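Below are the chains, spelled out letter by letter.
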Amino acid sequence: MASAVLGRLLQLSAVRNSPLSPLSPSAMPGRTVTPSRTAVCSSSGAILPKPRKTPFGLMRIALVVIPFLYVGTQISKSFAALLEEHDIFVPEDDDDDD
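Bear in mind the structure is a predicted one, so any value in this text is a computation, not a measurement.

(A) Geometry of the overall build of the protein chain. Looking only at helices and strands, the protein chain features two helices and zero strands. A total of 98 residues make up the protein chain; the buried ones form 2% of that total. Total accessible area on the protein chain is roughly 9800 Å²; 64% of this is exposed by carbon and sulfur atoms.

Now the structure itself:
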């Protein structure tokens, strides 16, 4: 029983690892596999402590997003005024006579 299960696992492994396998990640278009490794132990084999997490609250997000939104709107307003001043782009006034 154990040898049958081991044989089946080896078969599936061979199918998955073949370059033309439909199960291999490289066979899927637009999908690339990036190897990544995270350090969980030191060179002596000791498990490293969990990294310290910085909580991102709603207040911190608002303090970053709101000023940049404001600066972006001011830049786009001044650029639109510049385009109108030099007659590069002037929006036409539509008459709503319908």
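Resuming the write-up.
(B) Main features of a nonpolar patch on the surface. On the surface, F56, L58, I61, V64, V65, F68 and L69 cluster together into a nonpolar patch covering about 800 Å² of accessible area. By the secondary structure assignment, L58 is in helix α2 (residues 58-85).

(C) View of unusual backbone geometry. The phi dihedral of D87 falls on the positive side, at around 55°, and the residue is not glycine. Relative to the assigned elements, D87 resides in the segment after α2.

(D) Highlighting α2. Between its first and last C-alpha atoms α2 spans 40 Å; for 28 residues at 1.5 Å apiece the expected length is 40 Å, and the two agree. Phi turns positive, to about 55°, at D87, one or two residues after α2.

(E) The environment of A46, seen in detail. Along the polypeptide, A46 turns up in the loop between α1 (2-17) and α2. Other than its neighbours up to four places away in sequence, A46 contacts V40 and C41.

Scoring rules and cut-offs
- Residues numbered from 1 in each chain as written.
- Predicted model: local features only at pLDDT ≥ 70, side-chain atom pairs only at ≥ 80, totals over all residues.
- Heavy atoms only, no water.
- Helix = DSSP H or I, 4+ residues; strand = E, 2+ residues; numbered from the N terminus.
- Buried < 20%, exposed > 50% of the residue type's maximum accessible area, 1.4 Å probe, protein only.
- Areas by Shrake-Rupley, 256 points an atom, 1.4 Å probe, with all protein chains shown as cover.
- Patch = residues over 30% accessible without salt bridge, like charges linked within 9 Å, V, L, I, M, F, W, Y side chains within 5 Å.
- Salt bridge = Lys/Arg side-chain N within 4 Å of Asp/Glu carboxyl O.
- Expected span 1.5 Å × (residues − 1).
- Contact = heavy atoms within 4.5 Å.

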